[in-house]
Amino acid sequence: MGPPPARSFRRGLAAWMERHPRLRLLLLLGLPLGALVLIYFGSLAILFLNAFWQRDTFTGLVQRDFTLENFLDLARPVFITVTLRTLVMAAAVTLTCAAIAFPISYYMARVASPRVRGAMVVAVLMPLWASYLIKIYSWKLILSEDGVLNWALSPFGLKGPGFGEVGLWLVFTYLWLPYMILPLFAGLERIPSSVLEASADLGARTWTTFRRVILPLAIPALVAGSIFTFSLTLGDYITPGQIASGRQFIGNLILADFGVPNLPLAAAEALVPLAIIITYLVIARRLGAFDAL
Amino acid sequence: MRYDRAVMGRGRIGRLGLLVATIAVLIFMYLPLSLVIAYAFNKSGTQTWPPTGFTLEWVNAALNNRGLKDAFMTSVGIALGATFVAMILGSLAAMGVARHRFFGRDTVSFLLVLPISLPGVVTGMALSTTFATTDLPLGVMAIIVGHATFCVVLVYNNVIARLRRVSGTLEEASADLGADSFQTFRFVTFPQMRTAILAGALLAFALSFDEIIVTFFVAGGVKTLPIWIFQSFRLANQVALVNVAGLAAILLSVIPVYIATRLTSDSSTVGRT
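Fair warning: this is a prediction, and the values are worked out from it, not measured in the lab.

Peer 1: Please provide a residue-by-residue account of the overall build of chain A, values included.
Peer 2: Of regular secondary structure, chain A possesses 13 helices and two strands. Taking 293 residues into account, the globule formula puts the C-alpha radius of gyration at 19 Å, and chain A, at 25 Å, lies well above it. Within chain A, buried positions represent 51% of all 293 residues. Long-range pairs, those at least 24 residues apart, make up 69% of the contacts in chain A between residues at least 6 apart in sequence. In the structure as shown, chain A presents an accessible area of about 13800 Å², 68% of it carried by carbon and sulfur atoms. In chain A, 23 side chains carry a positive charge and 15 a negative one; their mean positions are 14 Å apart.

Here it is, written out as structure tokens:
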């Protein structure tokens, strides 16, 4: 009596797959990559296609006639101003996040004991995941006229920034800060102590060691963090609407045109942040930022 | 002595400065969140600072609010669905990439990370346009599909990190001892992956539960908890409930993440079944 047939069938199948590793690979990757390409990249392609079509001015519906007009519309002053404003905001938020993240990341990576380090990683992770909307909402409470900030500053005769671009800069910095701390911490943790000691042995002071050894070695990690701060700022339409409703940013503008409805124009506009982030990702990959993620 | 001072954070002053800055950053990160929690129990039910007293009235009101409860349950259901899809697709992709060598291997990670790293407004609009073009309905299923596209990478990253750490030698030993590849998966590979899959799944749940930027485009009238909160921003008579909903939203994203970090910090994965 041999083994039951079901089992031998399974064995046979296993052996056959063992002999055909390519096929096994296809079975493993086929479903996830197939779904991703079909749904995600397919959707991006459909959006891209819409940018070449026209909009019926009366119904607002898409007419499938080829045009390049939507791309010419990108050159209009409003769009350029809004894009530049968003880029300046993203850059300011990225720099602020990096400056704030450096001391805490350094402390976590190189000063704290392993136990404290573990606790601090959790302490940084939790606000990152805590409800995004509620974080915005909490800043509405802080920045409002009779909110906490004005209450705390009034004894000094000062006032908070209120709702506007400065407030938005603060809120974005708050929202994306953990995304900068975590890769930076991982990057600083990887610097071998011997390198820092060598720098000191060669006579470098703290500041020189920081500028010429630590900072260059932390670049991939900073770039990795900045992918998040940049992409999240460019793709956000809720935070600007809530904190700086008088000012348009690229996310709001795209959403507004989508809602007109003018899908072809919104699609063409969406290609701008998309192109910026993809370029950014490709450069980041060259700089080794993906190993730092 | 000389390099003690030169290496940042080793000198006494440098160290103190770092500690102060670190604590300041932690306070900056936690103060706004604790504010919402404080308001959830604020007697006056308005947003004026300081709070006037402690009450459970709003928690009670939130528990009895039909719209809020429905939104909460919808979000839990969607997050479970998206997590399930992400768990399967992410694990499959991680096993494929970790245990095979092939052309374009690095590209797979790059492709999987794209949905989470491209601007949310673009992803949302692309998915919404696609559903409209293909005449597929918006709603719960559309949200699950949308969330799954960017949740996959969370499971994938966790599982692939684990598979890279536990080398393939145990699997080879299993094969040498006569196990076929299904037995090796069941008794060797899967037990090693299990906690990593779970950790990735918890992160996926937290992300999906919290998502609004993409959800907004594909919801088609379905109210998730974030959409309910967002719409209540404008309603003055619901501010007290928003605080409680916020408390719930914070807990349901923070607790899974806390468990996930516990699961992955445990490095002794080999030898436990």
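Peer 1: An account of the domain arrangement of chain A is requested, with residue identities and associated values reported.
Peer 2: Residue and element names in this part refer to chain A. Annotation of chain A at the domain level lists domain 1 (12-63) and domain 2 (72-286). Taking the mean C-alpha position of each, domain 1 and domain 2 sit 31 Å from one another. Contact with domain 1, which involves nine residues of that partner, is made by nine residues of domain 2. Between domain 1 and domain 2, roughly 780 Å² of surface is buried when both sides are summed, and carbon and sulfur atoms account for 78% of that area. Looking at the side of domain 1 facing domain 2, the largest losses of area belong to Leu-47, Ala-51 and Arg-55, adding up to 51% of the total buried there. At the boundary of domain 1 with domain 2, the tally comes to zero salt bridges. Here domain 1 and domain 2 share one residue pair in polar contact (both at pLDDT 80 or more) between them.

Peer 1: Outline the nonpolar core, listing residues and values.
Peer 2: Core analysis: the biggest nonpolar cluster contains 175 residues, and Tyr-132, Ile-181 and Leu-188 of chain A together with Ile-229 of chain B have the highest contact counts within it. It is helix H4 (residues 77-111) of chain A that contributes the most residues to this core, 15 residues altogether. Ignoring any residue separated from it by four or fewer positions in sequence, one finds Tyr-132 of chain A in contact with Leu-175, Trp-176, Asp-236, Ile-238 and Thr-239 of chain A together with Asp-210, Ile-212 and Ile-213 of chain B.

Peer 1: So what's going on with the interface of chain B and chain A? Residues and values would help.
Peer 2: Reports often express the size of an interface as the amount of accessible area lost when the parts come together. The partner chain A presents 94 residues to the 91 residues of chain B that form the contact. When chain B packs against chain A, the two sides together hide about 8500 Å² of surface, and 77% of this comes from carbon and sulfur. For the pair chain B and chain A, the interface holds two salt bridges. Residue Asp-180 of chain B is joined to Arg-10 of chain A by a salt bridge in which the shortest nitrogen-to-oxygen separation is 3.1 Å. Inspection of the chain B/chain A interface yields 17 residue pairs in polar contact (both at pLDDT 80 or more). Top element by residues in the side of chain B that touches chain A is helix H2 (residues 12-40) of chain B. It accounts for 15 residues. For the side of chain B that touches chain A, the per-class residue count stands at 61 nonpolar, 22 polar and eight charged.

Peer 1: So, the domain arrangement of chain B: which residues are in play, and what are the values?
Peer 2: All names here are of chain B. One can read the domain layout of chain B as domain 1 (2-40) and domain 2 (57-265). Once you take the C-alpha centre of each, domain 1 and domain 2 turn out to be 32 Å apart. Contacts between the two partners involve five residues from domain 1 and, on the opposite side, six residues from domain 2. Here domain 1 packs against domain 2, burying approximately 500 Å² in sum over the two surfaces, 78% of which is carbon and sulfur. When the area that domain 1 buries against domain 2 is broken down by residue, the three leading residues are Val-36, Ile-37 and Ala-40, summing to 74%.

Peer 1: Give me the lowdown on the packing of helix H5 (residues 105-117) of chain B against helix H7 (residues 140-165) of chain B, citing residues and values where you can.
Peer 2: Residue and element names in this part refer to chain B. Look at H5 against H7: their axes get within 7 Å of each other, and the N-to-C directions meet at 130°. In terms of axis orientation, H5 runs oblique to H7. Considering only the axes of H5 and H7, their crossing is left-handed. Counted together, Val-108, Ser-109, Leu-112, Val-113, Pro-115 and Ile-116 of H5 and Thr-149, Phe-150, Val-152, Val-153, Leu-154 and Tyr-156 of H7 form the full contact between these two elements. Partitioning the contact of H5 with H7 into residue classes produces 10 nonpolar, two polar and no charged.

Peer 1: Help me get a handle on H2 of chain B, residues and values and all.
Peer 2: Working note: α-helix, 3.6 residues per turn, so residues spaced by three or four point in the same direction. Residue and element names in this part refer to chain B. With 29 residues, H2 should cover 42 Å at 1.5 Å per step; its first-to-last C-alpha distance of 42 Å lies within 8% of that length. The largest bend along H2 measures about 30° and falls at Leu-31, with the proline Pro-32 one to four residues further on. Listing the buried residues of H2 in full gives Leu-18, Thr-22, Val-25, Leu-26, Met-29, Pro-32, Leu-33, Leu-35, Val-36, Tyr-39 and Ala-40.

Peer 1: Could you give an account of a nonpolar patch on the surface, with specific residues and numbers?
Peer 2: On the surface, a cluster of nonpolar side chains totalling about 700 Å² of accessible area is made up of Phe-9, Leu-13, Trp-16, Leu-23, Leu-26 and Leu-27 of chain A together with Phe-182 of chain B. Looking at the nonpolar patch, the elements that each hand over two or more residues are helix H1 (5-19) and helix H2 (21-50) of chain A.

Peer 1: So what's going on with the confidence of the model for chain B? Residues and values would help.
Peer 2: Residue and element names in this part refer to chain B. With 91% of its residues at a pLDDT of at least 70, chain B reaches an overall mean of 84. At the level of individual helices and strands, chain B shows its lowest average pLDDT in helix H1 (residues 2-6), which scores 40, and its highest in helix H10 (residues 215-218), which scores 94. Counting interchain partners and residues more than four positions distant, the pLDDT-below-50 stretch residues 1-6 has 14 contacts. Low confidence marks residues 267-273, where pLDDT is under 50. Its contacts with residues over four positions away, or in another chain, come to 13 contacts.

Peer 1: Hey, could you go over the packing of aromatic side chains for me, with residue numbers and the actual values?
Peer 2: For the structure shown, the criterion picks out 23 aromatic pairs over all chains. Ring geometry for Phe-52 of chain A and Phe-71 of chain A: centres 5.0 Å apart, planes at 45°, overall tilted. One end of the pair, Phe-52 of chain A, is in the loop between H2 and strand S1 (54-55); the other, Phe-71 of chain A, is in helix H3 (residues 69-72), with 19 residues separating them in the sequence. Judged by its relative accessible area of 26%, Phe-71 of chain A is partly exposed. On the basis of an interplanar angle of 10° and a centroid distance of 5.4 Å, the ring pair of Tyr-137 of chain A and Phe-233 of chain B is categorised as stacked. Of this pair, Tyr-137 of chain A sits in helix H6 (residues 132-143) while Phe-233 of chain B sits in the loop between helix H11 (225-232) and helix H12 (239-265), placing the two residues on different chains.

Peer 1: I'd like to hear about the pattern of salt bridges, residue by residue, with values.
Peer 2: The full count for this structure, using the stated rule, is 10 salt bridges over all chains. A salt bridge links Glu-145 of chain A to Lys-159 of chain A; the nearest nitrogen and oxygen atoms lie 2.7 Å apart. Placement of the pair is Glu-145 of chain A in the loop between H6 and helix H7 (148-153) and Lys-159 of chain A in the loop between H7 and helix H8 (165-189), with a sequence separation of 14 residues. Arg-99 of chain B is the salt-bridge partner of Glu-171 of chain B, the closest N and O atoms lying 2.8 Å from each other.

Parameters and conventions
- Residues numbered from 1 in each chain as written.
- Chains lettered and ligands numbered in written order.
- Predicted model: local features only at pLDDT ≥ 70, side-chain atom pairs only at ≥ 80, totals over all residues.
- Heavy atoms only, no water.
- Helix = DSSP H or I, 4+ residues; strand = E, 2+ residues; numbered from the N terminus.
- Rg over C-alpha atoms; globule rule 2.2 N^0.38 Å.
- Buried < 20%, exposed > 50% of the residue type's maximum accessible area, 1.4 Å probe, protein only.
- Contact = heavy atoms within 4.5 Å.
- Areas by Shrake-Rupley, 256 points an atom, 1.4 Å probe, with all protein chains shown as cover.
- Lys, Arg positive; Asp, Glu negative; His and termini not counted.
- Charge placed at Lys NZ, Arg CZ, Asp CG, Glu CD.
- Domains from an automatic or database assignment.
- Buried area = accessible area lost by both parts, 1.4 Å probe.
- Salt bridge = Lys/Arg side-chain N within 4 Å of Asp/Glu carboxyl O.
- Polar contact = N/O pair within 3.5 Å; in protein donor to acceptor, adjacent residues only side chain to side chain.
- Core = buried A, V, L, I, M, F, W, Y, C linked by side-chain atoms within 4.5 Å.
- Nonpolar A, V, L, I, M, F, W, Y, C, P; charged D, E, K, R; others polar.
- Axes fitted to C-alpha atoms, helices over the stretch in contact; angles between N-to-C directions.
- Parallel < 35°, antiparallel > 145°, perpendicular 65-115°, else oblique.
- Left-handed = near helix turned anticlockwise from the far one by under 90°.
- Expected span 1.5 Å × (residues − 1).
- Bend = angle between axes of the 7 residues up to and from the residue.
- Patch = residues over 30% accessible without salt bridge, like charges linked within 9 Å, V, L, I, M, F, W, Y side chains within 5 Å.
- pLDDT = per-residue confidence, 0-100.
- Phe/Tyr/Trp six-rings, centres within 6.5 Å; stacked < 30°, edge-to-face > 60°.

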